[in-house]
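Structural overview for review
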Amino acid sequence: MPATTLDERTALVLIDLQKGIVALPTSHPADEVVARGARLAAAFRAHGLPVVLVRVVGAAPGRAEAPLRGGKPPAGFADLVPELDRQDGDIVVTKHTWGAFHATDLDLQLRRRGVTQIVLAGIATGAGVESTARAAHEHGYHVTAVTDAMTDPDAEVHRIAVERVLPRLAETGTTDEVIALLDR
């Protein structure tokens, strides 16, 4: 379902737009995803709406067939990219798993502010973005996924998430479409 409306108390949630993640190979240029995320953040701030900047510093301990990249991350890995222009009023969430809700205070932070909807973008579409969308949906939030402001290392995973998974959990739209909804 295309993005049709934004609730009065909508928050922007940007997933893992941090130095160590945006430096990895992705199926769509990460710098374009960052630029669109920055545009969204500026628009949400201009409307007095919450901006949540999520960063990852670990991984869930469970076993999987596809091993995680091992070793200690390089210095600065979890630093948010400067293009996001982090402001004092932004909410910063540090996570240790794919999704931004598990074992964090994200739900509490949103509920304290009366948020009923999240607009979601970031890296990686099939991991952090999709996991967060699923949890937001399960927590009862309306979700809008900004499909041109997300990417994944794997083009096919990105395509499946955008075309098949996210539309079951969220309305979808482009950066321009979401900003136009803010300006209504």
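Data block above holds the structure.
Each value, and the rule that gives it
- Residues numbered from 1 in each chain as written.
- Predicted model: local features only at pLDDT ≥ 70, side-chain atom pairs only at ≥ 80, totals over all residues.
- Heavy atoms only, no water.
- Salt bridge = Lys/Arg side-chain N within 4 Å of Asp/Glu carboxyl O.
- Helix = DSSP H or I, 4+ residues; strand = E, 2+ residues; numbered from the N terminus.
- Buried < 20%, exposed > 50% of the residue type's maximum accessible area, 1.4 Å probe, protein only.
- Pairing = 2+ DSSP bridges.
- Axes fitted to C-alpha atoms, helices over the stretch in contact; angles between N-to-C directions.
- Contact = heavy atoms within 4.5 Å.

On to the pattern of salt bridges. For the coordinates displayed, the defined rule picks out 9 salt bridges. Arg111 is the salt-bridge partner of Asp107, the closest N and O atoms lying 3.0 Å from each other. With a gap of 4 residues between them, Asp107 and Arg111 both fall in helix α3 (residues 106-112), about one helical turn apart. Judged by relative accessible area, which is 43%, Arg111 ranks as partly exposed. Taken together, the salt bridges that share partners define one network made up of Glu32, Arg36 and Asp148.

Here we take up the sheet that holds strand β5 (residues 142-151). A sheet is described by the order of its strands in space; here 6 strands give the open sequence β3-β2-β1-β4-β5-β6, paired in parallel fashion. Edge strands, defined here as strands with exactly one partner in the open sheet, are β3 (91-95) and β6 (171-173). Each strand of the sheet is rotated relative to its neighbour by a mean of 25 degrees, with strand direction disregarded. Where strand β2 (residues 51-56) and β3 come together, 5 bridges link them in parallel fashion. Note that in β3 the partner of Val54 across the bridge is Val93. Docked against the sheet, helix α5 (residues 155-169) engages β5 and β6, running at close to 170 degrees with respect to β5.

Structural measurements only, silent on function.
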